[in-house]
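Fold and contact review
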Amino acid sequence: MAAFIRLRRLGAVAAVAGGAYFTVLNNSLIASSDLGASGSTLSAIKQKIADPFAAVPSRAVQESALIGSSAANPLDVLVIGGGATGCGVALDAATRGLRVGLVERDDFSSGTSSRSTKLIHGGVRYLEKAVFNLDYGQLKLVFHALEERKQVIDNAPHLCHALPCMTPCFSWFEVIYYWAGLKMYDLVAGRRLLHLSRYYSAQESAELFPTLTRKGKDRTLKGTVVYYDGQMNDSRLNVALACTAALVGAAVLNHAEVISFLRDEGSGRMIGARIRNNLSGKEFDTYAKVVVNAAGPFCDSVRKMAYKEAKPMISPSSGVHVVLPDYYSPEGMGLIVPKTKDGRVVFMLPWLGRTVAGTTDSNTSITMLPEPHEDEIEFILDAISDYLNVKVRRMDVLSAWSGIRPLAMDPRAKNTESISRDHVVCEDFPGLVTITGGKWTTYRSMAEDAVDAAINSGKLSPTNKCITNNLQLIGADGWDPASFTILAQQYVRLKRTYGGKVVPGVMDTATAKYLSHAYGTLAERVAAIAQNENLGKRLAHGYPVLEAEVAYCARHEYCESAVDFIARRSRLAFLDTDAARRAVPRIIEILAAEHKWDKSRQKLELQKAKEFLETFKSSRNAQFHDGKHN
């Protein structure tokens, strides 16, 4: 009977989904036709971003732009926070012709935005909740996320791609249930569909996913349902957002912290902020008509800086992920387990040549460098072992990390227990607009809503409407999956041997593909540095990350520390903590040459990198007792 009710609810919501889809479709068509006179603006901006010789302004130039604002000549918008949402706000506002500044106390994507699941998804779980609770609000969330999912992939195709995800079924009811639910997911996606979902028999599934178990614990695999979502290199996408915003005129500055607000003495309105450059220690004032708080999990601390009695609006939750060797999952196929023993979702996905596995949210406290607990790592390993025919070992964990997701509570809501899976935009203090909640997939529309609110708050005069829904990021224009062949055919990797001799090395396919996906059409700049400056050696054995990337990122991507590179410009820390540790001395050596560091700064960088990597729980720093994992 329960099974019948669940299937009947699927049918009911499918009928609602059909009608709602056309509503969303009509709204998106209206939005795109509403550009009108902005067409020429969009064309000019696209040309600027796609210019192969364009370079982002230097850090000194960006800092001068922030210092150059005054009470008489303020910026239009000052953004606090350099995550996906903050950089999205800066890009949106700048492409509307507004004067924009952005400050981030650490590095772009240093918080939540680099510690995501790496999925660009519509939210299959939200769709299930919409079905069971007949909740139209949840259904709208899925519609919206699926619209944005395709847009994120189209705007940065080198950093994002479609990924098939397999859901194992151990009863014929599960086959019908998941097939019907995922077909509805296809229906909701509509014209934004990536690929159609489909059922595979147990035999076909074993061929597609060799490590998937077919028998175990009184159950037999009946087949799998495969559906598609998107996958990304999250922090590189975030850095691309920051650099694209810089190219179109935003003054973005990482390692710059807001330490207090500037207020108008008469009205009390926020008119800017006191900022400290955390690299130099220098402090300065930046004036703006509106301040946008996009500080993610830390947005409440920013609000309390404005007003000590600010009502909290963040309910932080932790998501833990572990990275395993590539043999745990096949290349190009993920595994999603919708319900584990305690009801959580567990996934196992191929990512950058390794396997990332993880779980869903759990309550946590807000810290700058969250660490995964050993019991959470053990839970993930135990959960995936139930679905694999290989032994899952703690010693195989190459890296493990925790990220904090800022679930939002609207401070204006009467029901304080209402936590939103959507984003919240509010202006609870004059001149300070806060945007929080949401998820990576919807960063672009979150930014659009925040800029709209800022325009209303500051009575700003943009030159055009939002154009980011059809704006490719830096490195995307002209890129296609075969672009790596240019690197393989036209470049070599000149490198010095231990004896000091310079020898040519082949730009092998793995390295060419990696560079092409990481930098898009700008990969040739990195390849040229590898070839012309003897920086063609790999930084870590088994990984295609080149020394040339360190120099390139220091010059063109605001890479200011060793941690910036191992965590956000490359993904070494997330892929293999021990490999990152071994690469750090050489990374510091190259950055020292680029940034003119003295010996004391180099020693400090080594210490900071060591402390940072200690928070990534690989097998090396795991806790064991009598041979068993604690």
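From a predicted model like this one, the values you see are computed outputs, not experimental measurements.

Here the focus is the nonpolar core. Soluble globular proteins tend to bury their nonpolar side chains together. If you look at the biggest cluster of nonpolar residues, it comprises 137 residues, and the most contacted ones within it are Cys160, Leu237, Leu515, Tyr519, Phe565, Ile566 and Ile587. Of all hydrophobic cores here, the second largest spans 29 residues; its members include Leu221, Met333, Ala357 and Ile384.

Scanning all chains against the criterion turns up 0 disulfides. Here Cys559 is not disulfide-linked; the sulfur of Cys553 is the nearest cysteine sulfur, at 5.7 Å. Among the residues examined, Cys559 registers a relative accessible area of 0% and is labelled buried.

Note on pairing: side chains with opposite charge can pair once their charged atoms come close. Going through the model one piece at a time under the given rule, you end up with 34 salt bridges. Arg538 is the partner of Asp508 in a salt bridge, and the nearest nitrogen-oxygen pair spans 3.1 Å. Placement of the pair is Asp508 in the loop between β20 (502-503) and α14 (509-519) and Arg538 in the loop between α15 (523-532) and α16 (547-556), with a sequence separation of 30 residues. When its relative accessible area of 31% is taken as the criterion, Arg538 is described as partly exposed.

For helix α9 (residues 234-247), which comprises 14 residues, the first-to-last C-alpha distance of 20 Å matches the rise-based estimate of 20 Å (1.5 Å per residue) to within 8%. Of all 14 residues that make up α9, 14 are buried, and the element is covered over most of its length. Phi for Gly249, located one or two positions after α9, is positive at around 115°.

To continue, consider the confidence of the model for the chain. Here the chain shows a mean pLDDT of 89. Residues at 70 or above account for 89%. Residue range residues 1-10 is modelled with pLDDT below 50. Its contacts to residues more than four positions away, or to other chains, number 15 contacts. Here residues 12-37 is a poorly scored stretch, pLDDT under 50, and it has 28 contacts once near neighbours within four places are set aside; other chains count.

Calculation notes
- Along each chain, numbering runs from 1 in the same order as the chain's sequence is written.
- The predicted origin of the model limits local features to residues at a pLDDT of at least 70 and limits the giving and counting of side-chain atom pairs to 80 or more, whereas totals for whole chains, interfaces and linings rest on all residues.
- Hydrogen atoms and water are omitted, and side-chain values are computed over all heavy atoms in the structure.
- The set of buried Ala, Val, Leu, Ile, Met, Phe, Trp, Tyr and Cys residues whose side-chain atoms join them within 4.5 Å is what this entry labels a nonpolar core.
- Note on classification: 1.4 Å probe, protein chains only; a residue is buried when its accessible area is under 20% of the maximum for its type, exposed when over 50%, partly exposed between these limits.
- In this description, the term disulfide denotes a pair of cysteine sulfurs within 2.5 Å.
- Salt bridges are defined as contacts in which a side-chain nitrogen from Lys or Arg sits within 4 Å of a carboxyl oxygen from Asp or Glu.
- Where helices and strands are cited, they refer to DSSP runs of H or I of at least four residues and of E of at least two residues respectively, numbered from the N terminus.
- Helix span is expected to be 1.5 Å times the residue number reduced by one.
- pLDDT gives the predictor's per-residue confidence on a scale running from 0 to 100.
- The contact rule is simple, with two residues in contact once any of their heavy atoms fall within 4.5 Å.

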